[in-house]
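Here are the chains, one letter per residue:
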Amino acid sequence: MRALVLLRAFSRAKAHTLLFSSHCARRHCHAPAKRERAKGPRILGPDLPDIWRSPPLDSTHPPPPLIDANQEINPTIIDGNSIAEEIRSRTAEEVHQMKDAVKKIPGLAVILVGQRRDSQTYVRYKIKACHEVGIRSLTAELPEDCTEDEVVDSVSRFNEDPSVHGILVQLPLPQHMNEERILGAISLEKDVDGFHPLNVGNLAMRGREPLFIPCAARACIELLTRTGIELMGKHVAVIGRSKVVGLPTTLLLQRHHATVSSVHAFTKNPQDITRQADIVISAAGVANLVRGSWLKRGAVVIDVGTNPVEDPSSEHGYHLTGDVCFKEAVKVASAITPVPGGVGPVTIAMLLSNTLDSAKQIYGLNC
Ligand SMILES: Nc1nc(=O)c2c([nH]1)NC[C@@H]1CN(c3ccc(C(=O)N[C@@H](CCC(=O)O)C(=O)O)cc3)C=[N+]21
């Protein structure tokens, strides 16, 4: 039976590779079959068929708790900085190889509109990270009161620039701008944020491959899998359903065969749902929303929140706080990401990796 399932999964994967090859050919790729290995199952999860097995009628036993009630908890603090470092050094190596092979380097263009301090800081981090791995970075800074057309023009210029392989419009945009129009102007092949509806749609549908997966969603999966946390069959509560984090994370987790609860501002008694979850991923953008009492003993906690809190004593006039009340959660969780030093740096490492992938596809290297 198990052999049959594996066989089916295998033939599906093969059919999928064949389907994909026409797409790769369009992008001048000469080694289409390798793409499956480069991106497919590891990031998107294995493409398994749904075969239901109904439980025996007498199975009334509750599942064992993740951690014994009397056992002392010594939580793993998941080190985002070192995981990001690993990803960056792998990326740097590949950038180097690309330079040797085709005499080109990947390029990332970042468009920043307005003066938000937090956005300015993130853009600075992105540029610095590009520099570290040998990716060329270009920035367009536009004033808060510029027109939507000016932003679209700037996107179009980067679309046409062959040295640019990824374009990122830093969000949020000023209120008066139509975000959908501006993001829609980014060429699909350069959408390294993965926010284009076609990329999101392909992420949502099993058996399909988006060109890019949103960086924060990828970061959550990397943090979990590199910490040795299995996703298949786990109950994950994702708090928040934003385009940047919550929604794509929910979709990506389903592709890893997790059971996902989407908790959002209209959810009644969110703590009743999070308390049942094996893994809680919070991306609500509310400082200290998730209290210790929201978590099951032994749960794994991924805190995507980066909430700026006014702090005149700090260098930039604010400090960052997560969505999770760390000092409470650390007493209940079996593993937890800190803020700063958790999801943030891995998100930036993923942006570099997406930019490299884009350049590799365009130059037909190892797709
Ligand atoms: N188009 C677009 N794409 C994005 O990916 C995007 C965006 N807009 N708008 C804002 C959010 C937020 N975001 C962060 C990335 C890195 C850190 C990060 O590196 N944080 C560090 C630094 C903390 C510090 O400042 O001390 C840390 O958590 O350790 C934080 C937040 C990306 N976003």
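Residues numbered from 1 in each chain as written. Predicted model: local features only at pLDDT ≥ 70, side-chain atom pairs only at ≥ 80, totals over all residues.

Draft legend 1. The arrangement of the packing of helix α4 (residues 80-102) against helix α13 (residues 343-362) in detail. Contact geometry of α4 with α13 gives a least axis separation of 8 Å together with a crossing angle of 15 degrees. Taken as axis vectors, α4 and α13 run roughly parallel relative to one another. For the pair α4 and α13, the crossing hand works out as left-handed. Facing α4, whose interface residues are Gly80, Asn81, Ile83, Ala84, Ile87, Arg88, Thr91, Glu94, Val95 and Met98, α13 presents Val343, Gly344, Pro345, Val346, Ile348, Ala349, Leu352, Ser353, Leu356, Ala359 and Lys360. A class-by-class count of the residues in the contact of α4 with α13 yields 13 nonpolar, 5 polar and 3 charged. (Axes fitted to C-alpha atoms, helices over the stretch in contact; angles between N-to-C directions. Helix = DSSP H or I, 4+ residues; strand = E, 2+ residues; numbered from the N terminus. Parallel < 35°, antiparallel > 145°, perpendicular 65-115°, else oblique. Left-handed = near helix turned anticlockwise from the far one by under 90°. Contact = placed C-beta atoms within 7 Å. Nonpolar A, V, L, I, M, F, W, Y, C, P; charged D, E, K, R; others polar.)

Draft legend 2. The arrangement of the UniProt feature "domain: Tetrahydrofolate dehydrogenase/cyclohydrolase catalytic" (unreviewed entry) in the protein chain in detail. Residues given the UniProt feature "domain: Tetrahydrofolate dehydrogenase/cyclohydrolase catalytic" (unreviewed entry) here are residues 78-193. When the span residues 78-193 is considered, its composition is 51% helix and 16% strand, and the gap between its end C-alpha atoms is 24 Å. (UniProt positions renumbered as here; feature names shortened; annotations may be inferred.)

Draft legend 3. Quick peek at the domain arrangement of the protein chain. Here the domain parsing of the protein chain yields domain 1 (76-82 + 210-346) and domain 2 (100-200 + 348-358). Centre-to-centre separation of domain 1 and domain 2, based on C-alpha positions: 25 Å. Between domain 1 and domain 2, the contact holds 18 residues from the first and 18 residues from the second. Of all the elements in the fold, those that place two or more residues in the side of domain 1 that touches domain 2 are α9 (215-226) and α13. Partitioned by chemical class, the residues of the side of domain 1 that touches domain 2 number 13 nonpolar, 3 polar and 2 charged. (Domains from an automatic or database assignment.)

Draft legend 4. Summary view of the sheet that holds strand β2 (residues 107-113). Read from one edge of the open sheet, 3 strands run β3-β2-β4, paired in parallel fashion. Since the sheet does not close on itself, it has two edges, and those belong to β3 (136-142) and β4 (166-169), each with one partner. Strand-to-strand twist in this sheet, taken as the mean axis angle between neighbours without regard to direction, amounts to 15 degrees. Taken together, the 7 bridges between β2 and β3 define a ladder with parallel strand orientation. If you follow Leu108 over to β3, its bridge partner there is Ser137. Across the face of the sheet, helix α5 (residues 117-133) comes into contact with β2 and β3 while running at roughly 170 degrees to β2. (Pairing = 2+ DSSP bridges.)

Draft legend 5. Seen up close, the nonpolar core. Of all hydrophobic cores here, the largest spans 86 residues; its most connected members are Cys220, Ile281 and Val301. When residues in this core are grouped by element, the largest group, 9 residues, is from α13. When residues of this core are assigned to domains, at least three map to each of domain 1 (76-82 + 210-346) and domain 2 (100-200 + 348-358). What Val301 contacts, discounting residues up to four positions off in sequence, is Val280, Leu295, Val324, Ala329, Ala333, Ile336 and Thr337. (Core = buried A, V, L, I, M, F, W, Y, C linked by C-beta atoms within 7 Å. Buried ≥ 20, exposed ≤ 12 C-beta atoms within 10 Å, placed from the backbone.)

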